[in-house]
Amino acid sequence: MGKAGMNLLRLCRRNFSVIPVSVGRRQYGTSGTHKTVRIGCASGFWGDTPTAAPQLIHNGNLDFLMFDYLSEITMSLLTAARAKNPEFGYAPDFVLFAIGPYLNEIKRRGIRVLSNAGGINPEGCAAALRQAAGKAGVDLKVAVITGDDLMPRKEELITSAVPDMLSGHPLPQTVHSINAYLGAGPIARALDEGADVVITGRCSDSSLALAPLMHEFGWQSGDFDHLAAGSLAGHLIECGAQVTGGIYTDWQTVPDWHNIGFPIAEASNTGSILITKPPGTGGVVCRGSVAEQMLYEIGDPRAYILPDVVCDFTGVKLSEVEDGVVVTGAKGKPATDTYKASATYMDGYKMTAVCCVGGPKSKEKGKKTAEAILKRCKNIFKMLKISDFKRTHIQVLGGEDTYGPHFSSVDGPREGVIWISVHHSDKKALELFSREIAAAGTGMAPGLTSIVGGRPKPSPLLRLHSFLIKKNECKINISMDGNKRAYCESSDSWVSSAAYNYADQPVSSVSGLVSGSKSYRLEDLAFTRSGDKGDSCNIGVIARHPALYPYLKKALTSQSVADYFSHVFPADVNPVENIKRYEVDGIHGLNFILENSLGGGGVASLRSDPQGKAYGQMLLDFIVKDMPEVQTLK
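Please read these numbers as outputs of a predicted model, since none were measured by experiment.

Peer 1: Help me understand the overall build of the protein chain in this model?
Peer 2: If you tally the helices and strands in the protein chain, you get 17 helices and 26 strands. Relative to its length of 634 residues, the protein chain is compact, with a C-alpha radius of gyration of 25 Å against a globular reference of 26 Å. Judged by the C-alpha coordinates and their principal axes, the protein chain covers about 70 × 65 × 45 Å. Here the protein chain holds 634 residues, and the buried ones make up 55% of them. Taken as a whole, the protein chain presents about 25900 Å² of accessible surface, with 52% of it coming from carbon and sulfur.

Written as structure tokens, this is what we have:
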């Protein structure tokens with residue numbers, strides 16, 4: 001961060017007062033009279049650090065502990081695992097490393113656990129947990145929620161040609177997994193019936209936090225604002241350490257990454273939320289870290305659609321306090337009559353080769369080498385009557401290719417990494433490509449040093465197909481103590497999903513701004529964070545100080561952001577027509593959605609950043625012009 005940014009950061013801290021509160025289990029807020037519930041999150045994805053659970057169990061003073069493991073691609077991987085062995089299909093880390101070693105302590109402290117670790121085999125996950133509990137001598141009531149797996153209806157859904165939500169294309173024959181995002185209702189019911197641990201398949205990530213609040217506070221389907229607040233609590237902590245200083249814009253100010261604290265949401269029955277972390281841990285909980293996470297991977301903040309409620313986050317307020325950040329102001333609207341469902345399907349194979357190159361003009365050498373490898377392969381394909389690659393992608397990491405026209409290197413780097421990714425319908429074609437890479441070491445550019453990981457191997461290329469399915473078509477069941485019973489959602493207040501097809505948010509007028517001759521990098525003025533939803537990327541931008549917000553609204557238009565990121569869109573796509581901008585006035589933020597910007601997104605993308613994680617970082621170099629001295633903006 002530049003000097004101006006540091007000065008502005010000090011200004012921000014002066015302008016956001018710290019309000020001391022007494023924080024303890026079941027006590028919250030300045031009055032100290034409201035009942036509260038403390039929920040910790042020990043996993044943001046399958047593969048998160050197993051060190052999170054013990055810090056929360058021993059020092060979090062928790063009522064509930066949640067573990068989030070699933071993504072769309074994870075579901076497909078679990079489907080493939082179960083196809084090889086019917087006992088597989090869940091996240092074994094949950095039992096082996098996350099709670100297995102701590103079952104006695106969890107039971108002793110009365111902490112109840114919720115997790116979507118069940119994947120496509122929640123019953124198998126529950127059986128493994130019961131076995132571990134038996135060995136530990138711990139009596140656990142384990143409930144299982146099923147009904148999200150729609151693969152038994154595969155042929156029916158293919159025949160009905162359910163359209164993708166964005167492209168409108170029908171569900172392909174090569175579908176590999178299909179899962180609906182269930183809500184918090186059945187989880188809350190299982191807690192009502194005395195479950196110590198609730199294991200689900202696919203559900204909305206935030207429902208793992210909303211469910212215990214519905215259980216503890218008796219929130220019903222019509223308590224829209226409370227449900228929105230509970231969903232926001234879940235959204236903030238579902239990604240683990242991302243809200244406690246992980247991937248924070250001001251990363252250099254965050255202490256002790258090696259011992260970063262995992263988040264705790266302390267929720268009041270009034271709907272207020274305190275985001276905090278265990279004492280003595282690293283990381284930071286501040287307005288910036290919470291605001292970044294609030295906008296992470298959401299669409300229209302006026303209508304963030306979840307299974308239990310539709311949330312309006314535009315009026316949310318954040319207040320820094322002694323122990324963290326208090327979050328208020330979430331508003332709720334009636335839930336829709338549909339669940340979102342995500343399917344993955346096969347679309348051939350992909351392969352990525354990564355090679356190191358050193359010496360002068362490494363970027364040019366790397367690019368020419370990659371182009372020559374592909375040209376040789378295409379000539380071989382012609383001789384063997386094999387079709388051409390479906391797609392190819394070349395980058396030279398270290399040469400700032402991801403920045404497109406905004407690269408800063410003049411003479412080019414003296415070392416780099418060649419990234420060549422290819423897509424083909426025939427696995428044999430990719431095997432030919434793999435064999436041709438090594439030959440570049442003796443017959444092409446000087447300075448090629450190694451192929452990272454050896455010769456690459458083909459892997460299935462999976463694409464995402466998202467669609468809506470009527471809630472009453474999904475048969476949800478709760479199983480516990482050998483009993484299985486149906487669960488039915490309350491449909492009294494449901495509305496059609498079309499009710500939330502809002503028009504693009506009009507750009508509010510910005511007038512009366514004091515202009516000046518100064519220019520600032522966006523990093524000096526704002527926090528940013530980006531993430532993916534399929535082939536779309538969202539970038540949240542939050543002003544470091546309220547007085548800067550009007551300047552950001554004026555400078556960061558859909559057109560200016562489209563111009564800045566024009567290189568990430570396909571050649572046949574108009575960037576500005578694929579960018580949506582939303583204003584989030586409560587936190588002085590903007591949310592941008594860049595549709596069709598990730599080269600297919602996820603496993604379908606050939607890029608080194610298939611999830612747009614660096615887009616927000618790239619935007620930090622955007623120049624905001626014609627500003628006064630930031631120190632004068634109070």
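Now that the structure is up, let's keep going.
Peer 1: Whenever I open this one, the pattern of salt bridges confuses me. Can you help?
Peer 2: Side-chain pairs of opposite charge can arise where the charged atoms are in close proximity. Taken as a whole and assessed by the stated rule, the structure comprises 24 salt bridges. Residue Arg302 is joined to Asp300 by a salt bridge in which the shortest nitrogen-to-oxygen separation is 2.8 Å. Among the residues examined, Asp300 registers a relative accessible area of 14% and is labelled buried. Salt bridges linked by common partners bring Glu105, Arg108 and Arg109 together as one network.

Peer 1: When you look at the pairing of strand 12 (residues 324-328) in this model, what are you seeing that I'm missing?
Peer 2: In the case of a regular strand, side chains alternate between the two sheet surfaces. Within strand 12, 4 of the 5 residues are buried, which leaves the element mostly enclosed by the surrounding structure. Strand direction decides the pairing type here: strand 8 (residues 273-276) and strand 12, joined by 3 bridges, are antiparallel. Bridge assignment links Ile275 to a residue of strand 12, and that residue is Val325. Where strand 11 (residues 317-321) and strand 12 come together, 5 bridges link them in antiparallel fashion. By the bridge assignment, Glu320 is partnered in strand 12 with Val325. Linking strand 11 back to strand 12 in an antiparallel pair, the connection comprises 2 residues.

Peer 1: What am I meant to see in the packing of helix 9 (residues 207-217) against helix 10 (residues 224-237) here?
Peer 2: Relative orientation and spacing of two packed helices are given, respectively, by the angle between their axes and the distance between those axes. Packing of helix 9 against helix 10 leaves a shortest axis separation of 7 Å and a crossing angle of 140°. When the interaxial angle is binned, helix 9 and helix 10 end up oblique. The handedness of the crossing between helix 9 and helix 10 comes out as right-handed. Counted together, Ala209, Leu210, Leu213 and Met214 of helix 9 and Leu227, Gly230, Ser231, Gly234 and Ile237 of helix 10 form the full contact between these two elements. In terms of residue class, the contact of helix 9 with helix 10 is built from 6 nonpolar, 3 polar and no charged.

Peer 1: Can you walk me through the sheet that holds strand 13 (residues 331-333) in this structure?
Peer 2: The strands making up a sheet associate through hydrogen bonds between their backbones, and the pairing can be parallel or antiparallel. Taken in spatial order, the 3 strands make up an open sheet running 9-10-13, and their pairing is antiparallel. If you trace the sheet from one side to the other, it starts and ends with strand 9 (304-305) and strand 13, each paired once. Note: strand 10 (residues 310-312) against strand 13, 3 bridges, orientation antiparallel. Paired with Asp312 across the bridge in strand 13 is Lys331. Taken strand by strand, helix 10 contacts strand 9, strand 10 and strand 13, and its axis lies near 115° from that of strand 13.

Peer 1: What am I meant to see in helix 11 (residues 287-295) here?
Peer 2: Given 3.6 residues per helical turn, the α-helix brings residues three or four places apart onto the same face. In terms of burial, helix 11 is largely enclosed, as 9 of its 9 residues are buried. All of the buried residues along helix 11 are Arg287, Gly288, Ser289, Val290, Ala291, Glu292, Gln293, Met294 and Leu295. Of the residues trailing helix 11, Glu297 is marked for its positive phi of about 55°.

Peer 1: Help me understand the sheet that holds strand 3 (residues 112-115), please; the structure alone is not making it clear to me.
Peer 2: Strands sit in the order 11-12-8-7-1-2-3-6-4-19-20 across an open sheet of 11 strands; the sheet is mixed. The sheet is open, and its two edges are formed by strand 11 and strand 20 (483-487), each paired on a single side. The mean inter-strand angle of the sheet, taken between neighbouring strand axes irrespective of direction, is 20°. Note: strand 4 (residues 142-146) against strand 19 (residues 476-480), 3 bridges, orientation antiparallel. Counted as the bridge partner of Val144 is Ser479 from strand 19. Along the sheet, helix 9 contacts strand 1 (36-41), strand 2 (64-67), strand 3 and strand 7 (264-268); its crossing angle with strand 1, the most-contacted strand, is approximately 160°.

Peer 1: In this structure, what is going on with a nonpolar patch on the surface? I would like to understand it.
Peer 2: Residues Met165, Leu166 and Leu468 make up a contiguous nonpolar surface patch of about 310 Å² in total accessible area. Looking at where Met165 falls in the secondary structure, it is placed in the loop between helix 7 (154-159) and strand 5 (175-180).

Peer 1: Would you explain the side chain of Lys365 in this entry?
Peer 2: Within the secondary structure layout, Lys365 lies in helix 12 (residues 362-383). Despite being buried, Lys365 has no salt bridge partner; Glu364 is the closest side chain of opposite charge, sitting 8.6 Å away. The contact partners of Lys365, leaving out residues within four places of it in the chain, are Val357, Gly358, Gly359, Pro360, Ala445, Pro446 and Gly447.

Peer 1: Help me out: how do you make sense of the state of the cysteines in this one?
Peer 2: Between two cysteines, a covalent bond joining their sulfur atoms is known as a disulfide. Evaluated as defined, the whole model comprises 0 disulfides. Of all cysteine sulfurs, the one in Cys355 lies closest to Cys377, which takes part in no disulfide; the gap is 12 Å. For Cys377, a relative accessible area of 1% puts it in the buried group.

Peer 1: Where do I start with the environment of Ser71 in this structure?
Peer 2: When you line up the elements, Ser71 lands in the loop between strand 2 and helix 3 (72-84). Measuring from C-alpha to C-alpha, the distance between Ser71 and Gly218 comes to 30 Å, with 147 residues separating the pair along the chain. Reaching out from Ser71, the side chain makes a polar contact with the side chain of Thr74 at a distance of 2.8 Å.

Peer 1: How should the nonpolar core be read in this particular structure?
Peer 2: Ile275 and Val327 are the most contacted members of the largest nonpolar core, which totals 78 residues. Discounting residues that sit within four places of it in the chain, Val327 has contacts with Leu232, Leu236, Gly271, Ser272, Ile273, Ile275, Val290, Val316, Lys317 and Leu318. Within the second largest apolar cluster, 40 residues are counted, among which are Ala42, Val95, Ala98 and Val197.

Peer 1: I'm lost on the environment of Ile57 in this one. Help?
Peer 2: Of note, Ile57 is situated in helix 2 (residues 52-59). Along the chain, Ile57 and Ile111 lie 54 residues apart, while their C-alpha atoms are 7.9 Å from each other. Non-local contacts of Ile57, meaning those with residues more than four positions away in its chain, are made with Leu65, Tyr102, Glu105, Ile106, Arg109 and Ile111.

Peer 1: Which parts of the structure should I look at to understand the packing of aromatic side chains?
Peer 2: Two aromatic rings, taken as a pair, are described by how far apart their centres are and by the angle between their planes. The full count for this structure, using the stated rule, is 13 aromatic pairs. With a centroid separation of 6.1 Å and 75° between ring planes, the pair formed by Tyr69 and Phe94 is classed as edge-to-face. One end of the pair, Tyr69, is in the loop between strand 2 and helix 3; the other, Phe94, is in helix 4 (residues 93-98), and 25 residues separate them in sequence. Phe94 matches Tyr69 in its accessibility class, with the two residues each being buried. Centre to centre, the rings of Phe217 and Trp219 are 5.2 Å apart; their planes meet at 45°, and the pair counts as tilted. The pair formed by Phe217 and Trp219 is uniform in burial state, with each residue classed as buried.

Peer 1: Where do I start with unusual backbone geometry in this structure?
Peer 2: Leaving glycine out, the prevailing phi sign among residues is negative, and the prevailing peptide bond configuration is trans. In this model, Glu297 sits at a positive phi of 55°, which is unusual for a non-glycine residue. As for its position among the elements, Glu297 is in the loop between helix 11 and strand 9. A relative accessible area of 14% means that Glu297 is categorised as buried. The phi dihedral of Asn596 falls on the positive side, at around 55°, and the residue is not glycine. On the secondary structure map, Asn596 appears in the loop between strand 25 (589-594) and helix 17 (615-619).

Cut-offs and rules
Residue numbering note: each chain is counted from 1, following its sequence as written. Predicted model: local features are reported for residues with pLDDT of at least 70 only, side-chain atom pairs are reported and counted for 80 or more only, and whole-chain, interface and lining totals are derived from all residues. Heavy atoms from the whole structure form the basis of all side-chain values; hydrogens and water molecules are not counted. Only DSSP runs of H or I reaching four residues or more are called helices, and only runs of E reaching two or more are called strands; each is numbered from the N terminus. Atoms counted for the radius of gyration: C-alpha only. Globule rule: 2.2 Å times the number of residues to the power 0.38. For every residue, the accessible area obtained with a 1.4 Å probe (protein chains only) is divided by the maximum for its type, and the residue is called buried under 20%, exposed over 50%, and partly exposed between those limits. Here the open area of atoms and residues is found with the Shrake-Rupley method and a 1.4 Å probe, where only the protein chains shown may cover a residue. By salt bridge we mean one thing: a side-chain nitrogen of Lys or Arg within 4 Å of a carboxyl oxygen of Asp or Glu. In short, DSSP must find at least two bridges between two strands for them to pair. The angle between two axes is taken between their N-to-C directions and runs from 0 to 180 degrees, where each axis is a line fitted to C-alpha atoms and a helix contributes only its stretch in contact. Relative orientations are named as follows: roughly parallel for angles under 35 degrees, roughly antiparallel for angles over 145 degrees, roughly perpendicular for angles from 65 to 115 degrees, and oblique for any other angle. Each crossing gets its handedness from the near helix: less than a right angle anticlockwise from the far helix is left-handed, clockwise is right-handed. Contacts are assigned to residue pairs with any non-hydrogen atoms lying within 4.5 Å of each other. Classification convention: Asp, Glu, Lys, Arg as charged; Ala, Val, Leu, Ile, Met, Phe, Trp, Tyr, Cys, Pro as nonpolar; all other residues, Gly among them, as polar. Residues enter patches when they are more than 30% accessible in relative terms and free of salt bridges; like-charged ones are connected within 9 Å and nonpolar ones (Val, Leu, Ile, Met, Phe, Trp, Tyr) within 5 Å. We treat Lys and Arg as the positive residues and Asp and Glu as the negative residues; His and chain ends play no part in the count. Note that a disulfide, as used here, is simply two cysteine sulfur atoms within 2.5 Å. In protein, a polar contact means a hydrogen-donor-capable atom and an acceptor-capable atom, both N or O and within 3.5 Å, with residues adjacent in sequence counting only if both atoms are side-chain atoms; elsewhere, any N or O pair within 3.5 Å suffices. Here, nonpolar core refers to any group of buried Ala, Val, Leu, Ile, Met, Phe, Trp, Tyr and Cys residues whose side-chain atoms link them within 4.5 Å. Only rings of Phe, Tyr and Trp enter the pairing, Trp through its six-membered ring, and a pair is recorded when the two centres are within 6.5 Å. The plane angle decides the type: under 30 degrees is stacked, over 60 is edge-to-face, the rest tilted.

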